[in-house]
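Results of the structural survey
So you can see what is in the structure, the chains are spelled out below.
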Amino acid sequence: MRLPVLMCAAVCLCAAPGPAAGADRSCADLRQFYTGKGFTLAGVPQTEISGEHLRMCPQGPTCCTSTMEENLAGLSTQETEGLIREAGRSLQAAFNALHRSFDTYFTELHASSERSLQEALSPLGPLYSQNTRLYGDLYADLRQYYRGSALNLDENLSDFWSRLLERTFKASAPTDDYLECVAKQQETLRPFGDVPRDMKAKVIRAFVTARSFVQGLLVSAEVVRKVSQVSLSPECVKALMKLVYCPHCRGLASVKPCPNYCANVMKGCLANQADLDPEWQNLIDVMMQVASSFSTAPSLDVVLDSIPARIYEAVHFLQDNMDTFTAKVYQTCGPPGEPGTGSPTVHEPRRKSGSLTASEYKPSPTAGLRLEMQVSDLYSKLREMRLYWIQLPVALCSKVVAGVNSQDKCWNGITKARYLPEVMGDGLANQINNPEVELDITKPDMTIRQQIMQLKIMSNRLKNALEGNDVDFQDASDDISGSGSGMCVGGQCPRSRPGLYAYSPDNNRQKQTIFFILLNLNMS
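Attention in this report is confined to the structure presented alongside it. Keep in mind that what you see is a predicted model, and the values were worked out from it rather than measured.

1. Concerning the packing of aromatic side chains
A complete count under the given rule lists 17 aromatic pairs for this structure. Ring geometry for F33 against Y245: centres 5.7 Å apart, planes inclined by 55°, an arrangement best described as tilted. One end of the pair, F33, is in helix α3 (residues 28–36); the other, Y245, is in the loop between α12 (234–244) and α13 (246–249), with 212 residues separating them in the sequence. Each ring, one from F102 and one from F213, has its centre 5.3 Å from the other, and the planes form 70°; the classification is edge-to-face.

2. Here's the deal with the pattern of salt bridges
All told, the structure shown has 21 salt bridges when counted by the stated rule. Of the charged contacts, one joins R418 and D408 as a salt bridge, the two residues approaching to 2.7 Å between their closest N and O atoms. Of this pair, R418 sits in the loop between α21 (388–400) and α22 (446–466) while D408 sits in the loop between α21 and α22, placing them ten residues apart in sequence. Residue classification places R418 among the partly exposed residues on the basis of a relative accessible area of 41%.

3. A short note on α12
For an α-helix the count is 3.6 residues per turn, leaving residues at separations of three or four pointing the same way. Buried within α12 we find C236, A239, L240, M241 and L243. Along its buried surface, α12 packs onto α4 (66–115), α13, α14 (259–269) and α21.

4. Let's talk about the state of the cysteines
The final tally for this structure, using the stated rule, is seven disulfides. Put simply, C57 and C246 are joined by a disulfide, and their sulfur atoms are 1.9 Å apart. Across the S-S bond linking C57 and C246, the dihedral sits near -90°, which makes this disulfide left-handed. One end of the pair, C57, is in the loop between α3 and α4; the other, C246, is in helix α13, and 189 residues separate them in sequence. This pair shows no difference in class: C57 is buried, exactly as C246 is. Note that C258 is cross-linked by a disulfide to C410, the S-S spacing being 1.9 Å.

5. Details of the nonpolar core
Note that soluble globular proteins tend to have their nonpolar side chains buried in a common cluster. Ranked by size, the top nonpolar core spans 125 residues in total, and within it F95, F102, F207, F213 and L382 carry the most contacts. Among the elements that take part in this core, helix α11 (residues 195–228) stands out by supplying 16 residues, more than any other. Contacts of F213, omitting those with residues within four sequence positions, involve F102, M287, V290, A291, F294, L378, L382 and L462.

6. So, the environment of A309
Here A309 shows up in helix α18 (residues 307–320). The sequence separation of A309 and L121 amounts to 188 residues, and the corresponding C-alpha distance is 7.8 Å.

Conventions adopted
- Every chain is numbered on its own, with residues counted from 1 as its sequence reads.
- Only residues with pLDDT of at least 70 get local features here, since the model is predicted, and only at 80 or more are side-chain atom pairs given and counted; chain-wide, interface and lining totals rely on the full set of residues.
- The side-chain quantities take in all heavy atoms of the structure and omit both hydrogens and water.
- Here a Phe, Tyr or Trp ring, Trp counted by its six-membered ring, pairs with any other such ring whose centre lies within 6.5 Å, and the pair is stacked when the planes are under 30 degrees apart, edge-to-face when over 60, and tilted otherwise.
- Secondary structure elements are taken from DSSP: a helix is a run of H or I of four residues or more, a strand is a run of E of two residues or more, and numbering for both begins at the N terminus.
- Salt bridge, as used here, is a side-chain nitrogen of Lys or Arg placed within 4 Å of a carboxyl oxygen of Asp or Glu.
- Relative accessible area decides the class of each residue, using a 1.4 Å probe on protein chains only: under 20% of the type maximum gives buried, over 50% gives exposed, and in between gives partly exposed.
- Working rule for contacts: check all heavy atoms of both residues, and any pair within 4.5 Å makes them a contact.
- Here, two cysteine sulfur atoms that lie within 2.5 Å of each other are counted as a disulfide.
- Only buried Ala, Val, Leu, Ile, Met, Phe, Trp, Tyr and Cys residues count toward a nonpolar core, and they belong to the same one when joined by side-chain atoms within 4.5 Å.

Following this line, the structure appears as structure tokens:
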């Protein structure tokens, strides 16, 4: 009788399922996590369910329904796009800070030079006091050019010297035609010596580089803003869900993604952004060159601060050579021809003790130190921005995989194990074999391609500026010039006159430049 009893007991024992072997795993942890993300528990299972319905996560026992998978996919996309925009705002803020710093420095330098006019030119007597507006207009033109006006500095500076010469002869000239004839002799007879030509070259170079530099800062910040707003692709959305929240659905919430796995996902998601890198680095390098040029002799502060001294020097030269110049004018334009008129008189400059000509002018040690610090700060901070677009995936992964200590005990997209695929390179073309994000490398994002174009155009203009060539920024972007960039404040730019552009908008040279940029863009 004992044997049947033992057999019955054994059968009953085998038939009774143990708590570990047959019980479904609880979804309590996921339910708490899910509500913590702002979702309701409606439809959330209490225990694991079959995962055949999953489209983004690996199929298998799961605590996630299709709706939960979609909600978490949208959340991972929202969080990643938020991180991208946050990084973009930080970079924009850095560019804006550099712009404010340099703009404050340059405008103070300009204002200081203008304030020193009276002290430097008062020895000219009536030639200064009766022409203060003429000198003021010169500084106003320079200021407006820097702010983005379409003034042609070459013509404006030539116009300044012509008007100054006219004022000198006005008292003895019988007619406006005679004055115009006198003014035309400026280029051939050089009444002010070499000052106008030398000053023009240095002032144009200083203002062209300064204006192109601040415009470069603004364009760079605008490119970052626009690119940071580009939406992630549907393929990226799936990859991000699998990377970030599928471990939670699988009951592996504490397991962080493998670093190389995250790298492939982010490189795939940001492939188009990484294509900015070559032109971005090129632009930053040229801007660093421009920043360095500010301290190259003649330095920016010396050029601006010496403008009053250069004007004084020029008028002093005219006074010393007035008889010779007047005789040559009479040969070309004839004598004034009216009774009571004679040679123009120039007030004898009273050179103050301690006053300097431009050739003797030296900046104060304090001014030179400030410029040196300004250039050093600009250079170092620009250098930090060079690799932004290829470092962005790394920066994002540093937040996603924080705390991973082992390559063998991390989420590889399927389970807790080592991630085996190799890490892809940067840029769209290198994602052809990306195992995590499926991309059509023949269809680049057009918004980002347009911004690559803007980087190329801006780099071109900065290179021209380094050569001292005047450039026009009105078409630097399809909407930058009219989007509050700060170059033309309060509508105060339009002192421009017809025909003062460096080259007209429909000039063949510009068309050829744009054509070759487009050609290179399509080939790259």
